[in-house]
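Structure assessment
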Amino acid sequence: MLQLARTYWIIFSSIKHYPRENIMSIQQVPFITLNRFEPGFRDEFLSGVASLFDKTQFVGGPIVGEMEANLAAYTKSKHAIGCANGTDAIQIALRAVGVNKNDKVLVPDMTFWATFEAVVNVGANPVTVDVNRETCHWDLATFKQAVEQFKPKAAVMVHLYGWASADTLEIRKFAKEAGVLLIEDGAQCFGTEIDGQSILGTALISTTSFYPAKVLGASGDAGAIFTTNDEYAKNCRTLINHGRTDHYSHGMIGWNSRIGAYESLFLNMSLKHIDARIQSRMNAVKFYEESLKGLPLKPVRATSKVKENGYCAVAMIEPSLRASLIDSLKKANVGYGTIYPGAMSHQSGSAGHLAGKIDNGNAHHISQAVLNLPCYAYITQEELQYVCDTVKKHF
Ligand SMILES: *Cc1c(COP(=O)(O)O)cnc(C)c1O
């Protein structure tokens, strides 16, 4: 850390010619920054890229297999399959388990739009199911109600914000008993656990995204699918590569969703640091929780069953108070997010695709009440303090 701090000091001081005392007092904090790499990371990556370039290994090659083995080991998955991005990963998973045209698929009303899109893109019909107002995730009761009411073929449960529903295991169990194929969109939950078990690794089939701003980011778009089922794994491998059963034999309609070699290299390197990165994110989440105690901006955390990864610092505020707090953050140059500002069933793009919904108003309420504070790997104590001072001063 000291070394990192020193590097920034040199960069700031050489570019902006600030006197030293101004540099030490922070004047802005971004919502997210991707520039906090471990010392030596850049040079190691660039020399690895040079080596792949010299071997003209651009797509595929041993680096991809290595990366998949490392992913499987870290997530304790039976199978880990790299692909082009997190949206494709959901589509591949849906296809791999046998979701077909016009099948009904449940999705949470509060998620990133890609979850909804993926269902439509495989020809299936999405049904949005509301989330719990307190936990922001699906709960067993609403999930059960949706299964009974809509009799879906499949459901995509989403582990949003860096944690998961406390009911995850019960939802898995109920889905299995009801014959509903459960896919888990884990784009935001890399490294999380429930009851001490890897969430991605113990799902029937789960997916993640390595978009650079995610907890485990790549050097470009990338994603992965994880599964405990051998047949699903085989289907995934076939689907990501034009349905190939042989070089020019095609047993399925797949598409091209191969992962690049540079991204795989970057992921391999990042995996070595992932615990430290998650630790620093968790420090931020815990610092906010402590510092904002008693204020109208209330941090939300997972239940104690779930080991979080600190992807997003989530807090809730009375919707009528949000705009003025945002004004104060803007004036102080503090970045923020509202993840996500609209429920899926309220998006104009969902009209004409929705096959049904359970809407108790919770996803909509959350979309109006949520406020995310800056959170990224290696955020400094000074930055966290500046954010909290800004919030406290506002109130
Ligand atoms: C980021 C994200 C995706 C999509 O991943 P891409 O790699 O951007 O395609 C899907 N679902 C959720 C919940 C996400 O956060």
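Residues numbered from 1 in each chain as written. Predicted model: local features only at pLDDT ≥ 70, side-chain atom pairs only at ≥ 80, totals over all residues. Heavy atoms only, no water.

1. A word on the UniProt feature "active site" (unreviewed entry) in the protein
As a reminder, the rule being used: UniProt positions are given in the numbering used here, feature names are shortened, and annotations may be inferred rather than shown by experiment. Helix and strand labels come from DSSP, where a helix needs a run of H or I of at least four residues and a strand needs a run of E of at least two; each type is numbered from the N terminus. Here's how the labels work: a residue is buried when its accessible area is under 20% of the maximum for its type, exposed when over 50%, partly exposed in between, all with a 1.4 Å probe on protein chains only. Residues count as neighbours in contact if any of their non-hydrogen atoms are within 4.5 Å of one another.
Per the UniProt record, the feature "active site" (unreviewed entry) sits at Lys 214. Looking at the element boundaries, Lys 214 is found in the loop between strand E8 (205-209) and strand E9 (223-227). Taking relative accessible area as the criterion, Lys 214 reaches 14% and is therefore assigned buried. The residues touching Lys 214, leaving out its near neighbours within four places in the chain, are Ala 187, Ser 209, Arg 281 and Tyr 311.

2. Examining the pattern of salt bridges
Where we set the bar: Criterion for a salt bridge: a side-chain nitrogen of Lys or Arg within 4 Å of a carboxyl oxygen of Asp or Glu.
For the structure shown, the criterion picks out 13 salt bridges. A salt bridge links Glu 383 to Arg 36, with the shortest nitrogen-to-oxygen separation between them at 2.9 Å. One end of the pair, Glu 383, is in helix H15 (residues 381-394); the other, Arg 36, is in the loop between helix H2 (20-24) and helix H3 (41-54), and 347 residues separate them in sequence. Arg 36 shares its class with Glu 383; the two are buried. Here Lys 153 makes a salt bridge to Asp 103, at a shortest N to O gap of 3.4 Å.

3. Here's the deal with the confidence of the model for the protein
Using the following cut-off: Confidence scores per residue from the predictor, reported as pLDDT, run from 0 to 100.
Confidence in the prediction of the protein, expressed as mean pLDDT, is 94, and 94% of residues score 70 or more. Here residues 1-22 is a poorly scored stretch, pLDDT under 50, and it has 15 contacts once near neighbours within four places are set aside; other chains count.

4. Here's the deal with the side chain of Ser 264
Note that Ser 264 resides in helix H11 (residues 261-271). Setting aside chain neighbours within four positions, we find Ser 264 in contact with Ile 63, Val 64, Met 67 and Ile 259.

5. With respect to the packing of aromatic side chains
Under the convention used in this document: Stacked, tilted and edge-to-face are the three classes applied to pairs of Phe, Tyr and Trp rings, where Trp contributes its six-membered ring and a pair requires centres within 6.5 Å; stacked means planes under 30 degrees apart, edge-to-face means over 60, and tilted covers the rest.
Inspection of the entire model under this criterion finds 13 aromatic pairs. When the centroid spacing of 5.2 Å and the interplanar angle of 45° are considered together, the rings of Trp 138 and Phe 143 count as tilted. Residue classification places Trp 138 among the buried positions, given a relative accessible area of 3%. For the ring pair Tyr 161 and Trp 163, a centre distance of 5.5 Å and an interplane angle of 40° mean the geometry is tilted. Here Tyr 161 falls in the buried class, since its relative accessible area comes to 0%. Since its relative accessible area comes to 3%, Trp 163 is described here as buried.

6. Here we look at the sheet that holds strand E16 (residues 370-373)
Convention followed: The pairing criterion is simple: DSSP has to find at least two bridges between the two strands. Interaxial angle, 0 to 180 degrees, is taken between N-to-C directions of lines fitted to C-alpha atoms, where a helix line uses only the stretch in contact.
If you walk across this open sheet you meet the three strands as E12-E14-E16, and the pairing is antiparallel. Each edge of the sheet is formed by a strand with only one pairing partner; in this case those strands are strand E12 (298-299) and E16. Pairing of strand E14 (residues 313-316) with E16, which is carried by four bridges, proceeds in the antiparallel orientation. Pairing of Ala 313 across the sheet is with Leu 373, part of E16. Relative to E16, helix H14 (residues 362-369) is tilted by about 45°, and along the sheet it contacts E14 and E16.

7. Focus: the sheet that holds strand E15 (residues 356-358)
Strand order in this open sheet of eight strands is E1-E9-E8-E5-E4-E2-E3-E15, and the pairing throughout is mixed. If you trace the sheet from one side to the other, it starts and ends with strand E1 (79-83) and E15, each paired once. Direction aside, neighbouring strands of the sheet carry axes that sit 20° apart on average. Examined bridge by bridge, E1 and E9 share five bridges and lie antiparallel to one another.

8. Things to note about a nonpolar patch on the surface
The line we're drawing: Like charges within 9 Å and nonpolar side chains (Val, Leu, Ile, Met, Phe, Trp, Tyr) within 5 Å are joined into patches, using only residues over 30% in relative accessible area that form no salt bridge. For every accessible area listed, the method is Shrake-Rupley and the probe measures 1.4 Å; residues are considered covered only by the protein chains on display.
On the surface, Phe 53, Phe 58 and Val 59 cluster together into a nonpolar patch covering about 310 Å² of accessible area. Inspection of the secondary structure assignment puts Phe 53 in helix H3.

9. Overview of the environment of Trp 138
Stated formally: We call two N or O atoms a polar contact when they sit within 3.5 Å, provided that within protein one can donate a hydrogen and the other can accept it, with sequence-adjacent residues counted only if both atoms are side-chain atoms.
Structurally, the position occupied by Trp 138 is in the loop between strand E3 (125-129) and helix H7 (140-150). Considered as a pair, Trp 138 and Ser 209 are 71 residues apart in the sequence and their alpha carbons are 21 Å apart. Contact partners of Trp 138, with chain neighbours within four places excluded, come to Leu 106, Val 107, Pro 108, Val 129, Asp 130, Val 131, Phe 143, Ala 155, Val 156, Met 157, Ser 165 and Ile 171. Reaching out from Trp 138, the side chain makes a polar contact with the backbone oxygen of Val 129 at a distance of 3.0 Å.

10. Regarding the site of the ligand
Spelled out, the test is: For this purpose, a residue is taken to be near a molecule or strand whenever a single non-hydrogen atom of the residue falls within 4 Å of it. Each residue gets one label: Ala, Val, Leu, Ile, Met, Phe, Trp, Tyr, Cys and Pro are nonpolar, Asp, Glu, Lys and Arg are charged, and the others, such as Gly, are polar.
Gly 86, Thr 87, Asp 185, Ser 209 and Lys 214 are the nearest of the 15 residues found near the ligand. Here an oxygen atom of the ligand sits 2.7 Å away from a polar atom, N or O, in the main chain of Gly 86. Top contributing element to the shell around the ligand by residue count: helix H5 (residues 86-97), with three residues. Broken down by class, the residue content of the shell around the ligand amounts to seven nonpolar, six polar and two charged.

11. Thoughts on the environment of Gln 385
Structurally, Gln 385 is set in helix H15. Overall, Gln 385 belongs to the partly exposed group, its relative accessible area being 33%. Separated by 269 residues in the primary sequence, Gln 385 and Phe 116 have C-alpha atoms spaced 37 Å apart.

12. Considering helix H6 (residues 113-121)
What H6 keeps buried is the set Ala 114, Thr 115, Phe 116, Ala 118 and Val 119. Directly after H6, the chain includes Gly 123, whose backbone phi takes a positive value near 90°.

13. Thoughts on the side chain of Thr 238
Position of Thr 238 among the secondary structure elements: in helix H10 (residues 230-239). Its relative accessible area of 13% is what places Thr 238 among the buried residues. If we ignore the near neighbours within four places in the chain, the residues touching Thr 238 are Gly 243, Arg 244 and Met 252.

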